[in-house]
Structure formats: C-alpha cells, structure tokens
Amino acid sequence: MNKPISILFKTSVRKLRIGEHEYFYSALIAVLNALVGTVPSLVPIFTVLKNKVASEAELYKIVLASALTPELLFLHRQRISAFGLFKHTVGHAEFSKVAAVLQAHNILRPLVNTYKNIGKGSYMNISGMFSNFIIDCEKAEYSPFLQTLALILLLAEMKNVNNQFKDKFIERAIDKENVSRKGSLASARTEVDGAFEIFIDAINSAYLLNELGAKDPTLRANLTNLIVPINAELTEVKNLLAHRGHHKPKDDGKEDGGTQTPITPPTPPPPPETGTQNPNTDRPDASQTTQNPTDEPHHLDPNEHPAMGE
C-alpha cells in the first residue's frame, strides 16, 4: 500500500529559498492548526513542528528588518518605477499604427503579463522576480522588439538597479548580533524540515495502520482532512521548483527525485460534510502589495536568495 504523502517531499522543501521556506510552513501550519486536534495522537508532534516554524519565522523577520535602510528603499522604488515604465511602454504600443510597433506589443505583452505581480512580496521575492524578468528579456528572440520600443536602455537600468539592491541587501541582511543570540536561520530551517518529516511519518503510519487494521471511517476522514492540504501545498512546491527552470518540463522530474507524477491525496470514501475543511479558504491572505520586507511573502516565489548560511 502506497503512503498517502510521498516521502519525495524531502528533496523539494530543502530546495526552497529563504522566504519560500518560511511562507510554506507558516501557511501550512495555519491550515492544519484547526484540523490536527481531530487526531489526538498527532497533537504533540504537531506542536513541536509549530514551535519550530514560529522560531524560524521570528528569525526571518529579524533578518529582513535589519535591511530596512533609506538606500534600499530608494533602490527598490527605482526598480519598481522602471518596470512600470517598461510595462506602460509595451501597453501603449497597442495603439500604434506602425506594424513593427504593434508586433512588438504582441510579442512583449505576454512576457510583461507573466510578471504582473513583480511588486508583491518581500524584498527577496521581488529581487528574484526582477532577475528572472531581466533574464527573459535578454533572450535573443526579444531583442529586436525591445529595440523597436526603445527599451534596451531601460532594461539595462533595471538590471543595474536590481543588482545594486541585491548587493546592498545581502550586506545588510544579517543582524549578526541578534542572529547569534537566537541561532542561525539555516539551522532553524533544518530543524523545521526534520520536525516536518517526523510529522509526515506519523500521519502516514496512522493512515496505513488504520487501513490495514480497524478501518475506522472517522479516523480515515480526519487523517484525510490533514493529508489533502499537505499534498496540495507540496504539489505547489513541486510546481514552483519546476517553474524555476523557466518552462523546461524536463527539470520538473529532477526536483522530486525523478518522478513527474503529481502528489495526489489518498482515495478513501469521502468524509462527512461536517468536519471537512477547505484548505484554500484557511490560508492567510497575503495578496497585498507591500514595500515592507517584514511582511509575509505574497506567494512562493521561485527566485529568492539561498537560505542563510548556504
């Protein structure tokens, strides 16, 4: 009998960037917190995981807060403004009567739309999205259309400003005095991953033992209510890591140990309507645009700097 939660997640979560890692676990804890009490045997293990996630989140906020400087804020505003000008230039080309300009609009518009949320999230998330946007724009197939709309110099400015921001951010990213008192962020995330593995093993064991033994429908339903959102989050992580390769499907299998099959929940009889919960409605709302790096990341962004200490 297959485990309801694949152990391949171990490879995926370790590849997440700093903010991705913190957000993944914080969002998952928020979803599971109201559900785990239905399986009392899992509560102590979940409590350990929740406490370690809280410790990582605290360290993460300290690291981000240490980077709040006027210089960084100015560079951040500058790159956001540059992208806005780029976006509006491409958008305005739609009204041109020149065929080449219209063609440039049609080619560049989908690219710009891919990065429409570039200003949302933590500083590190945004830096990563800018890096990917610039890499895409520098591909040979876009060069003639950038020249047509006179965007070459603006792209170069955006790249320069984003690189300056990332360099300055790294310089200020670690408050060594605070982090030395509380432990490193790299160590904290390792502890979180370990606690998560123990929690997943406990869920898998409880589910398989029940299926091989008592086949208690209530326990099956309660465990399934935990398994479904976990598998959903892990599938999101897998998709994120695949997307990091920028539409290279072959990379997808490499992220999770060579399999390209999405993680799927078990298929027991559906649980009763009472007691079920939709994980999507329980996630924290992180859709707001922010320039404050202490805020939660907007989503699992594929391009943050590696974990502290890596």
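This text goes with the structure placed above it.
Please read all numbers here as calculations on a predicted model, not as lab measurements.

**Some details on the overall build of the chain**
Scanning the chain from terminus to terminus reveals 13 helices and 0 strands. Tracing the chain from N to C terminus, the helices and strands come up as α-α-α-α-α-α-α-α-α-α-α-α-α. Taking all 310 residues of the chain together, the buried fraction comes to 47%. Within the chain, residue pairs in contact and separated by at least 24 positions form 82% of the contacts whose partners lie at least 6 positions apart.

**Section: the packing of helix α2 (residues 18-32) against helix α11 (residues 217-243)**
With their axes 10 Å apart at the nearest point, α2 and α11 run at an angle of 160° to one another. The orientation of α2 relative to α11 falls into the category roughly antiparallel. Considering how the two elements wind past one another, α2 and α11 form a crossing that is right-handed. Across the interface between the two elements, Glu 20, Phe 24, Leu 28, Val 31 and Leu 32 from α2 touch Leu 226, Pro 229, Ile 230, Glu 233, Leu 234, Val 237 and Leu 240 from α11. Grouping the constituent residues of the contact of α2 with α11 by class yields 10 nonpolar, no polar and 2 charged.

**Some details on the pattern of salt bridges**
Pairs can form between side chains of opposite charge once their charged atoms are near each other. Following the criterion strictly, the structure yields 7 salt bridges and no others. With its nearest N and O atoms 3.0 Å apart, the salt bridge here joins Glu 138 to Lys 159. Of this pair, Glu 138 sits in the loop between α6 (123-137) and α7 (143-148) while Lys 159 sits in helix α8 (residues 152-172), placing them 21 residues apart in sequence.

**Considering the packing of aromatic side chains**
Scanning the entire structure with this criterion turns up 10 aromatic pairs. Between Tyr 25 and Phe 196, the aromatic rings sit 5.2 Å apart at their centres with planes inclined by 85°, giving edge-to-face as the arrangement. Taken together, the residues span a long stretch of sequence, with Tyr 25 in helix α2 and Phe 196 in helix α10 (residues 185-212) at a distance of 171 residues. Phe 196 carries the same exposure label as Tyr 25, and that label is buried. Here Tyr 123 and Phe 165 contribute two aromatic rings whose centre-to-centre distance is 5.0 Å and whose plane-to-plane angle is 80°, an arrangement assigned as edge-to-face. Of this pair, Tyr 123 sits in helix α6 while Phe 165 is found in helix α8, placing the two residues 42 residues apart along the sequence. The buried category is assigned to Tyr 123, whose relative accessible area is 1%. Here Phe 165 falls in the buried class, since its relative accessible area comes to 0%. Among the aromatic side chains, those forming a connected cluster through ring pairs are Phe 83, Phe 86, Tyr 115, Phe 130 and Phe 133.

**Topic: the environment of Ile 80**
With respect to the helices and strands, Ile 80 occurs in helix α4 (residues 70-92). Residues Ile 80 and Gly 119, 39 residues apart in the sequence, show an inter-C-alpha distance of 6.6 Å. What Ile 80 contacts, discounting residues up to four positions off in sequence, is Gly 119, Ile 126 and Phe 130.

The rules behind each value
- Residues numbered from 1 in each chain as written.
- Predicted model: local features only at pLDDT ≥ 70, side-chain atom pairs only at ≥ 80, totals over all residues.
- Heavy atoms only, no water.
- Helix = DSSP H or I, 4+ residues; strand = E, 2+ residues; numbered from the N terminus.
- Buried < 20%, exposed > 50% of the residue type's maximum accessible area, 1.4 Å probe, protein only.
- Contact = heavy atoms within 4.5 Å.
- Axes fitted to C-alpha atoms, helices over the stretch in contact; angles between N-to-C directions.
- Parallel < 35°, antiparallel > 145°, perpendicular 65-115°, else oblique.
- Left-handed = near helix turned anticlockwise from the far one by under 90°.
- Nonpolar A, V, L, I, M, F, W, Y, C, P; charged D, E, K, R; others polar.
- Salt bridge = Lys/Arg side-chain N within 4 Å of Asp/Glu carboxyl O.
- Phe/Tyr/Trp six-rings, centres within 6.5 Å; stacked < 30°, edge-to-face > 60°.

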